[in-house]
Amino acid sequence: MGPKAASGFYLGRKPAVLLALLLAALLLALAVLGALYGRCLQEAEELRAAAAPASPTAGPQEEGAGCCPPTPSPGSTRPPGVWDEPRLPRALLPLHYELRLWPRVSPGQPGPFVFCGQVNITVRCAQDTATVLLHSSELELWGAAVRGPLLEGPGGGAGGSVEVAELWLDERQEYAVLELRRSLRAGGRYVLQLSFRGPLSEDLDGLFLTRYTDQGQSRHLFGVEKLSSEPAEDQMEGFPVACIVFLFMLIASQLEPTYARTVYPCFDEPAMKATFNIIIVHHPSYVALSNMPAIDTSEMKDENGSLWTVTTFNTTLKMSTYLTALVVCDFDYITRTERGNEIRIWGRKEAIKNGHADYALNITGPLFSFLEDLFNISYPLSKTDLVALPDFAAGAMENWGLMTFQESTLMYIPRDQFGSKKAMICLIVSHEIGHQWFGNLVTMNWWNDLWLNEGFASYFEYIGASYVEPRLPLNKFFYYHMLQPVLREDKEIAARSLSAREEKINGTFSLVGLFDIFTYSKGASIVWMLSSFLTERLFIKALSSYLKAFSFSSVNQDDLWTHIQMVVDAQNEVHLPASVKKIMDSWTCQNGFPVLTLNLSTGIISQKQFYNKRTENNTTYNYTWIVPISWIRNGSAQPLVWLDKSSKMFPEMQISDSEHDWILLNVNMVGYYRVNYDPLHLKRLAQVLEKDPKAIPVVNRLHLIDDAFTLAQAGYIEIEYAFELTKYLAKEDEMFVWYSVLSNLIPDNLENILNNYELYPFLKKYLLKRMLPIYHYYASIIRQNVDTLADDYFDQIHFEKFINTACWLGLQDCLNLSSELYTKWMENPDHEIPFIIKRTICCYGVAMGSDKEWDFAWKMYNHHNSTGIDKDIMLFAMSCTRESWLLYRYLQYSLNNSLLSSDNISIVISNVAATEIGQRIAWEFVTENWLLLNERHRNGILQKLLGVMENFVNTDLQIQENDA
């Protein structure tokens, strides 16, 4: 934050002018928003009217009928009733849906877009009721009817009907309420009938429409064509860009957690499972996909005589509403069948043609087979579609039979030099396949136990990924991506327990908030710990029992504990200090995690909730966890022990005065806790590391260092003891460990340390001495054959930070290496810089050079083959020059839309301002050009520039204060 006016700071004329202009801009923005508000309301009503079809009198059940309903009455003035409760009553239980959806989208149609449909829901009445509640949101409903009770037997025809007295909507609880003339009777089966219509938006949830481009197509989807055949004004000689690009649209769904109710009226709670028969009406140019295989296609005409295709799908398995899915697209696919499961990977025609889907197809079948064998439960569907959507906010979704992915999380470009992209795709595909058992087959009863879906899918994504990609080391992989990040977050105010009481979780907003790092990463970490203390054999045996017992049903976490307890009770191999429920509830029903403090002279281990002692007003609780402690003594594994109270003595953990006698807790970091050793033992562990780093497992070397620095920052120990553990680093050859060290010592904003004239020289001397051995090892590989690093995932993702730190610390060989590789690239653009270090090499290549190196970076930024990532790298590299005039020129380029896209202005300014010599240059550029920037980009750039310049305005004011 900026300083207060009363602090005596001097504010220069240019900053004062800027601040005045910013205030004026903000006031203008508020005035404009106020003026536009009424106009927006009017335009919204006009769009709503335009969405109505031309034939309002057509009956909704008629082939080709329009969708124009009467509006049900609102429920704002209703007396209290069951509609006030946030959960559906259990008077009616859904059995089967007959669902017909018609996205009204045709070629050449400009929008707005709508969809309409009909749904018949067969329900069983569990108790007499004259009120029917369904979920419905953002839908217009009409044609409500109730048939039944249905006759028993094969035909199951209706024995009559029940008149609907009134249909009205409760927007607060998102209910459609059908009030009946007489009660439905317990034990009877009935059919609820409704017609509906809703908006087909581009919000990427519910049923949505999204746009994309596809090169080389002979036609275009929805009749919108975009031609790009003229060379750009700044086209460089020898780099042609002429091509034809077609603009396409597709329709897809994303219904988790509660968006099914925005697509069709339904019982939109995860436990209210049913089977579905789905019919999709769509334009003949496209293919329609849903959860099950298509079993029939036919044609129909609408009220205007236009032809549509009607695709009918097979009956689904019993499943939750949030898993219903559809895609209407003009994609291609590749296919393979594994164990009777037809697997199809769908994507843009260009991507499929270029082989981008091949990797996903190669791993999907083996992942299914692996989990089938692991759980001894066959996958119950005959087909599985994986669809790569060009734009998909959810990232990926596990819909039964029709999994959807954001394109970048499913498609792998074979020429992509960044091999870790494969690992990311492997993880995401493995996660969604894990959901086929955890979530689809067995579903949590309510969202308060969402971790039963996401925690287990996150755990098995690593098990599955390590199976199909054996080069990914499971322990390191899991710790780096899952355990370490959530341990850093689980100390904040926002931390919460994994499981909560059902009544605490209600409303779409609170449900969406559950899809966070705690549900995924903490859930997976608790499962990791559970698997470890049970042993993998018993763990998988218990899960198999649990999955078989609750197939096509729903559960809470106590159901899981019961099945694990049954397996534990039936053997004598593993002995627990308490029931499975009591142990696991201590981890799932309490927020945070414990820090264990070990006194090795007494053998006493105590536990307390971890919190930051340096922060005021911390809220901690007197929690006690039942903690499994794996440990080694002098390098040898010891029997598992349990800490089941706040403090407990373990005589076997008392050690002698000998420096060769040492203990390490939480071997391979399988437990969800941190360990605080006394200072003397930290020194002893530091000596062990200096003598032989391999005496301590690699994950524990990282864990020791990360725990020590975290505990020092939180006020548990002095920072000197954390540094003791880093003295051995000259012998550390694992980039996995080095990354953690540098992350703890070097912040992302390096310039903050450069301005600290005491800290930078210390870090330079301390780190360079220890970095040299491993630096020279990797530098020789880079110079000789960088491809040898392709098999090491952590080398690929961590080496960039390592070499960037070496260059930043002024290691001359690192600077020379950067110039050497950059010069070779300049001499031969086909001699690419290794992608894993390209950002750093380009930055220091430009920094160590002159305008010649800068101009080459500019040339490569504009190269027609440059990808988005390539352009980002070059935008960054051009800000690294140490020539002030080049930075001035770079900033001036950002004002020219023919040279740099207006979207890049804030990026350019931010990159320049992040350098030592660029801070004042960027500040002067913004103040001198503010009127032009604001006039050209209006309020769109205001927030971005304020965010970019905030830190540097403070720096400028501090400099002026010091000069005063």
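Note: the structure precedes this text.
In this text, all values refer to a predicted model and were calculated from it rather than measured experimentally.

Draft legend 1. Region of the structure containing the pattern of salt bridges. Applying the stated criterion to the full structure yields 45 salt bridges. A salt bridge links R348 to E350; its shortest N-O distance comes to 2.9 Å. By relative accessible area, E350 is classed as partly exposed at 23%. In this structure, R348 and E407 form a salt bridge, with 2.6 Å as the shortest nitrogen-oxygen distance. On the criterion of sequence distance, the pair formed by R348 in the loop between β19 (341-347) and α2 (349-353) and E407 in the loop between β22 (402-406) and α4 (420-434) is long-range, its members being 59 residues apart. For the residue pair R348 and E407, the accessibility class agrees, reading buried in each case.

Draft legend 2. Structural view of helix α18 (residues 793-808). An ideal rise of 1.5 Å per residue puts 22 Å on 16 residues; α18 measures up with 24 Å between its terminal C-alpha atoms. Counting buried positions along α18 yields 14 of 16 residues, so the element is predominantly enclosed. Just downstream of α18 lies G810, where phi reads positive at about 85°.

Draft legend 3. Up close: the sheet that holds strand β18 (residues 332-338). Ordered by their spatial adjacency, 5 strands build an open sheet running β18-β19-β20-β22-β21, and the pairing between neighbours is mixed. The open sheet has two edge strands with one neighbour each: β18 and β21 (396-397). Contacting β20 (383-389), β21 and β22, α4 crosses the sheet at an angle of about 150° to β22.

Draft legend 4. Seen up close, unusual backbone geometry. Here the bond from G111 into P112 is cis, since omega is 0°, no more than 30 degrees from zero. Along the chain, P112 turns up in the loop between β2 (92-104) and β3 (114-125). Following E256, the chain continues into P257 via a peptide bond in cis, with omega recorded as 5°. With respect to the secondary-structure elements, P257 resides in the loop between β12 (243-254) and β13 (275-282). Even without glycine at this site, R339 takes up a positive phi of about 55°. If you trace the backbone, R339 turns up in the loop between β18 and β19.

Draft legend 5. Here's a closer look at the side chain of S866. Structurally, the position occupied by S866 is in the loop between α21 (851-861) and α22 (868-877). Among the polar contacts listed, one links the side chain of S866 to the backbone oxygen of M860, at a separation of 2.6 Å. If we ignore the near neighbours within four places in the chain, the residues touching S866 are M860, Y861 and K871.

Draft legend 6. Representation of the nonpolar core within the structure. Grouped together as the largest cluster of nonpolar side chains are 300 residues, with contacts concentrated most on W437 and F460. Among the elements that take part in this core, helix α17 (residues 759-784) stands out by supplying 12 residues, more than any other. Beyond its immediate chain neighbours, meaning those up to four positions away, W437 contacts F368, L371, E372, F375, I377, Y379, V442 and L547.

Draft legend 7. Representation of the pairing of β18. Alignment of β18 against β19, held across 7 bridges, turns out to be antiparallel. Across the sheet, residue R336 finds its bridge partner in β19, namely I343.

Draft legend 8. Fine view of the state of the cysteines. Tallying each qualifying case throughout the model produces 2 disulfides. Here C843 pairs with C880 through a disulfide, and the sulfurs are 2.1 Å apart. Disulfide C843-C880: torsion about the S-S bond near -105°, hence left-handed. Of the two residues, C843 is situated in helix α20 (residues 838-847) and C880 in the loop between α22 and α23 (884-893); the sequence distance between them amounts to 37 residues. In terms of burial, C843 and C880 fall into one category: buried.

Draft legend 9. A look at the packing of helix α8 (residues 517-534) against helix α11 (residues 580-588). At a minimum axis distance of 11 Å, the contact between α8 and α11 shows a crossing angle of 155°. As summarised for this structure, α8 and α11 are arranged roughly antiparallel, according to the angle between their axes. Remark: the crossing between α8 and α11 carries right-handed chirality. Across the interface between the two elements, K522, I526, M529, L530 and F533 from α8 touch I583, M584, W587 and T588 from α11. In terms of residue class, the contact of α8 with α11 is built from 7 nonpolar, 1 polar and 1 charged.

Draft legend 10. Representation of the packing of helix α24 (residues 905-913) against helix α25 (residues 918-928) within the structure. In contact at an axis separation of 7 Å, α24 and α25 are set at 145° when each is read in the N-to-C sense. Of α25, the residues touching α24 (which contributes I909, V912 and A913) are G918, Q919, A922, F925 and V926. For the contact of α24 with α25, a count of residues per class yields 6 nonpolar, 2 polar and no charged.

Draft legend 11. Examining the packing of aromatic side chains more closely. Tallied over the entire structure, the rule returns 61 aromatic pairs. Centroid distance F375 to F438: 5.5 Å. Interplanar angle 80°. Geometry classified as edge-to-face. One end of the pair, F375, is in helix α3 (residues 358-375); the other, F438, is in the loop between α4 and β23 (442-444), with 63 residues separating them in the sequence. The buried category is assigned to F375, whose relative accessible area is 1%. According to the relative accessible area criterion, F438 is buried, its value standing at 2%. For R87, the ring lying beneath its charged end belongs to W446, and the centroid distance is 3.7 Å.

Draft legend 12. Structural detail: α24. Most of α24 sits inside the fold, with 7 of its 9 residues counted as buried. Burial in α24 covers these residues: I905, S906, V908, I909, N911, V912 and A913.

Draft legend 13. Local environment of the pairing of β22. Burial of β22 is extensive: 5 of the 5 residues sit out of reach of the surface. The alternating pattern of β22 places L402, T404 and Q406 and M403 and F405 on opposite faces, both of which are buried. When β20 meets β22, the two strands line up parallel, connected through 5 bridges. For L386, the partnering residue across the bridge sits in β22 and is M403. Summarising the sheet, β21 and β22 pair through 2 bridges and their orientation is antiparallel. Opposite A396, over in β22, you have F405 as the bridge partner. Where β21 folds back onto β22 in an antiparallel hairpin, the turn is made up of 4 residues, including G401, whose phi is positive at roughly 80°.

Reading the values: the criteria
Numbers given for residues are sequential positions, taken from 1 along each chain in its written order. Restriction of local features to residues with pLDDT of at least 70 applies here, the model being predicted, together with a cutoff of 80 or more for giving and counting side-chain atom pairs; totals for whole chains, interfaces and linings are based on all residues. Working from all heavy atoms in the structure, the side-chain values ignore hydrogens and water. By convention in these notes, a salt bridge is any Lys or Arg side-chain nitrogen within 4 Å of a carboxyl oxygen on Asp or Glu. Between buried and exposed lies partly exposed: a residue is buried under 20% and exposed over 50% of the maximum accessible area for its type, with that area taken using a 1.4 Å probe on protein chains only. Secondary structure elements follow DSSP: runs of H or I no shorter than four residues count as helices, runs of E no shorter than two count as strands, and numbering proceeds from the N terminus. To estimate the expected span of a helix, subtract one from its residue number and multiply by 1.5 Å. Two strands qualify as a pair provided DSSP detects at least 2 bridges between them. Contact criterion: two residues are considered in contact whenever any of their non-hydrogen atoms come within 4.5 Å of each other. To obtain each axis, a line is fitted to C-alpha atoms, and for helices this fit is confined to the stretch in contact; angles are then taken between N-to-C directions over 0 to 180 degrees. Residues adjacent in sequence count toward polar contacts only when both atoms are side-chain atoms; beyond that, a polar contact is any pair of N or O atoms within 3.5 Å, and within protein one must be able to donate a hydrogen and the other to accept it. Buried Ala, Val, Leu, Ile, Met, Phe, Trp, Tyr and Cys residues that are joined via side-chain atoms within 4.5 Å together make up what is termed a nonpolar core. Disulfide assignment relies on a single distance test, namely cysteine sulfur atoms paired within 2.5 Å. For classification, angles of less than 35 degrees are called roughly parallel, those exceeding 145 degrees roughly antiparallel, those between 65 and 115 degrees roughly perpendicular, and all remaining angles oblique. Whether a crossing is left-handed or right-handed is set by the direction in which the near helix is turned from the far one by less than a right angle, anticlockwise for left-handed and clockwise for right-handed. Each residue receives one of three labels: charged for Asp, Glu, Lys and Arg, nonpolar for Ala, Val, Leu, Ile, Met, Phe, Trp, Tyr, Cys and Pro, and polar for the others, Gly being one of them. Between rings of Phe, Tyr and Trp, where Trp is taken as its six-membered ring, a pair exists when centres lie within 6.5 Å; planes separated by under 30 degrees are stacked, by over 60 edge-to-face, and by other angles tilted. Counted as over-ring charges are cases with an Arg CZ or a Lys NZ within 6 Å of the ring centre that also lie within 35 degrees of the ring normal.

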